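An overview of the molecular structure
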Amino acid sequence: MLLEKTLERIRPLDRSFEIEAQKRLDSLTKPQGSLGKLEELARCIAVMQGKVPPQIGRKLLFIFAADHGIAEESVSAYPRAVTAQMTYNFLRGGAAINVLARHYDVQVEVIDVGVDHEFSELQGLRNCKIRRGTGNFSRGAAMTRAEARQSIETGIRLVEEVVSKKPFLLGAGEMGIGNTSSAAAILCALTGASPRHVVGRGTGIDDPTWKRKVAAIERGLELNQPDAKEPLDVLTKMGGLEIGAMTGLILGAAAFRVPMVLDGFISDAAALLAQRLCPDTHDFLFASHLSPETGHRFMLEMLQLAPVLNLEMRLGEGTGACILMGLLEAAAKILGEMATFESAGVGTKLP
């Protein structure tokens with residue numbers, strides 16, 4: 001099975017590269033540590049790649065689109081049809097992620113894993129549809145176990161396709177009305193957190209909608225009884241198809257030792273599933289930013305990841321990941337392109 005083979009490939013990082021990377025950072029024409037967080041990011045990339053300096057290459061971000069049956073409970077400020085409408089917008093290049101991707105030279109690929117709409121053959125859209133949206137998890141399981149596995153393996157296969165081209169960074173974004181409900185349900189199922197403490201406002205919902213959202217997640221958890229010790233069961237009962245695909249992308253990136261950039265609350269739910277499937281996945285992840293979504297800080301604590309940015313963004317689509325990909329490239333270039341004291345003929349610090 002592809003999932004099991006991928007999990008077997010994931011190994012802890014060789015931390016010996018930290019010493020080599022730090023030695024080069026300290027030799028560059030600057031006071032030691034003066035570039036702060038950029039130096040830490042550069043060191044992390046070098047260790048993930050096992051190369052000092054790191055190899056720069058393509059930055060590739062996948063946007064996974066899928067619908068959610070939980071939207072039937074009126075838990076979002078937007079109708080379900082917006083998932084398909086925004087997918088068209090991505091393909092036309094008119095969304096925020098398109099603007100940022102052009103600016104940071106990030107290649108974007110849009111993947112339909114479960115939109116409740118039949119697209120014609122469209123340039124730029126990859127058809128990996130598993131079903132037309134999940135079931136309403138407040139009334140039963142979101143999908144079958146086979147569909148959950150298929151969603152994960154879809155993400156893994158995407159990594160397998162691109163890894164021969166030696167991508168520098170991989171990123172994950174998403175589109176799916178109702179997916180903050182699914183992400184919050186996954187967080188609750190895996191950690192035992194109360195929905196009232198971690199469910200946020202998503203697309204900007206009002207108080208009555210928030211109460212419906214909390215109640216729907218509470219019903220779903222009580223009805224489905226997801227097994228916290230079995231991530232695939234949690235995904236099957238409470239998850240989304242795009243969350244499953246992102247889980248696979250994260251596992252695939254770790255298996256092939258490609259640095260993986262997370263976006264916000266939704267992609268971090270996928271990362272939590274991936275870490276529960278294989279804890280060593282943690283070593284290959286960057287958390288791009290902290291969003292205002294209520295449970296995001298707790299989610300990051302569970303992942304044991306520190307967000308690099310705090311721009312009060314809560315859009316999704318991969319926007320936070322895209323910004324960090326540009327910053328990571330800058331950090332790696334500093335490690336590889338900046339002159340050393342010796343090569344530049346610059347005097348070092350007095351003893």
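To start, this report covers the structure provided alongside it.

Rules used in this analysis
Residues numbered from 1 in each chain as written. Predicted model: local features only at pLDDT ≥ 70, side-chain atom pairs only at ≥ 80, totals over all residues. Heavy atoms only, no water. Core = buried A, V, L, I, M, F, W, Y, C linked by side-chain atoms within 4.5 Å. Buried < 20%, exposed > 50% of the residue type's maximum accessible area, 1.4 Å probe, protein only. Helix = DSSP H or I, 4+ residues; strand = E, 2+ residues; numbered from the N terminus. Contact = heavy atoms within 4.5 Å. Pairing = 2+ DSSP bridges. Axes fitted to C-alpha atoms, helices over the stretch in contact; angles between N-to-C directions. Parallel < 35°, antiparallel > 145°, perpendicular 65-115°, else oblique. Left-handed = near helix turned anticlockwise from the far one by under 90°. Phe/Tyr/Trp six-rings, centres within 6.5 Å; stacked < 30°, edge-to-face > 60°. Arc of directions from axis to C-beta. Nonpolar A, V, L, I, M, F, W, Y, C, P; charged D, E, K, R; others polar. Lys, Arg positive; Asp, Glu negative; His and termini not counted. Salt bridge = Lys/Arg side-chain N within 4 Å of Asp/Glu carboxyl O. Polar contact = N/O pair within 3.5 Å; in protein donor to acceptor, adjacent residues only side chain to side chain.

**Overview of the nonpolar core**
Phe-62, Phe-64 and Leu-170 are the most contacted members of the largest nonpolar core, which has 115 residues in total. Of the residues forming this core, the biggest block, 10 residues, is contributed by helix α11 (residues 241–255). Contacts of Phe-62, omitting those with residues within four sequence positions, involve Glu-109, Ile-111, Leu-158, Val-162, Leu-170, Gly-171, Ala-172, Gly-173 and Leu-249.

**Thoughts on the sheet that holds strand β1 (residues 59–66)**
Taking strand neighbours across the sheet as the criterion, the 6 strands line up as β3-β2-β1-β4-β5-β6 in an open arrangement whose pairing is parallel. Of all strands in the sheet, those bounded by a partner on one side alone are β3 (125–127) and β6 (285–287). Along the sheet, successive strands turn relative to each other by an average axial angle of 25°, direction set aside. Here 3 bridges tie strand β5 (residues 260–262) to β6, and the two strands are oriented parallel to one another. The residue of β6 that forms the bridge with Val-261 is Phe-286. Of the strands in this sheet, β1, β2 (107–114), β3 and β4 (169–175) are in contact with helix α4 (residues 82–92), which crosses β4 at around 140°.

**Remarks on the packing of helix α12 (residues 265–277) against helix α13 (residues 296–303)**
At their nearest, the axes of α12 and α13 sit 10 Å apart, and the two run at 25° to each other. As judged from the angle between their axes, α12 and α13 are roughly parallel. In this structure, the crossing between α12 and α13 has a hand that is left-handed. In this structure, α12 contributes Phe-265, Asp-268, Ala-269, Ala-271, Leu-272 and Gln-275 to the contact, and α13 contributes His-296, Met-299, Leu-300, Met-302 and Leu-303.

**So, the packing of aromatic side chains**
Under the defined criterion, the tally for this structure stands at 2 aromatic pairs. Here the aromatic rings of Tyr-88 and Phe-119 are separated by 5.1 Å at their centres, their planes lie at 65°, and the arrangement is edge-to-face. Here the residue Tyr-88 occupies a position in helix α4, and Phe-119 occupies one in the loop between β2 and β3, the gap between them amounting to 31 residues.

**Considering helix α1 (residues 2–9)**
For α1, the set of buried residues is Leu-2, Leu-3 and Thr-6. Down the axis of α1, the smallest arc covering the buried residues is 100°, so these residues share one side. Away from its buried face by more than 90 degrees, α1 exposes Lys-5 and Glu-8. Along its buried surface, α1 packs onto α6 (145–162) and α11.

**Examining the packing of helix α10 (residues 231–238) against α12**
Taken N-terminus to C-terminus, the directions of α10 and α12 make an angle of 150°; their axes are 9 Å apart at the nearest point. Considering the angle they form, α10 stands roughly antiparallel to α12. In this structure, α10 uses Pro-231, Val-234 and Leu-235 to contact α12, whose residues at the interface are Leu-273, Arg-276 and Leu-277. Partitioned by chemical class, the residues of the contact of α10 with α12 number 5 nonpolar, no polar and 1 charged.

**Some points on the side chain of Glu-317**
Within the secondary structure, Glu-317 sits in the loop between α13 and α14 (319–337). Nearest to the buried, unbridged Glu-317 among oppositely charged side chains is Arg-102, at 11 Å. A distance of 3.3 Å separates a polar atom in the side chain of Glu-317 from the backbone nitrogen of Ile-97. Those residues in contact with Glu-317 that sit more than four places away from it in its chain are Leu-61, Ile-63, Met-86, Phe-90, Ala-95, Ala-96, Ile-97, Gly-173, Glu-174 and Asp-263.

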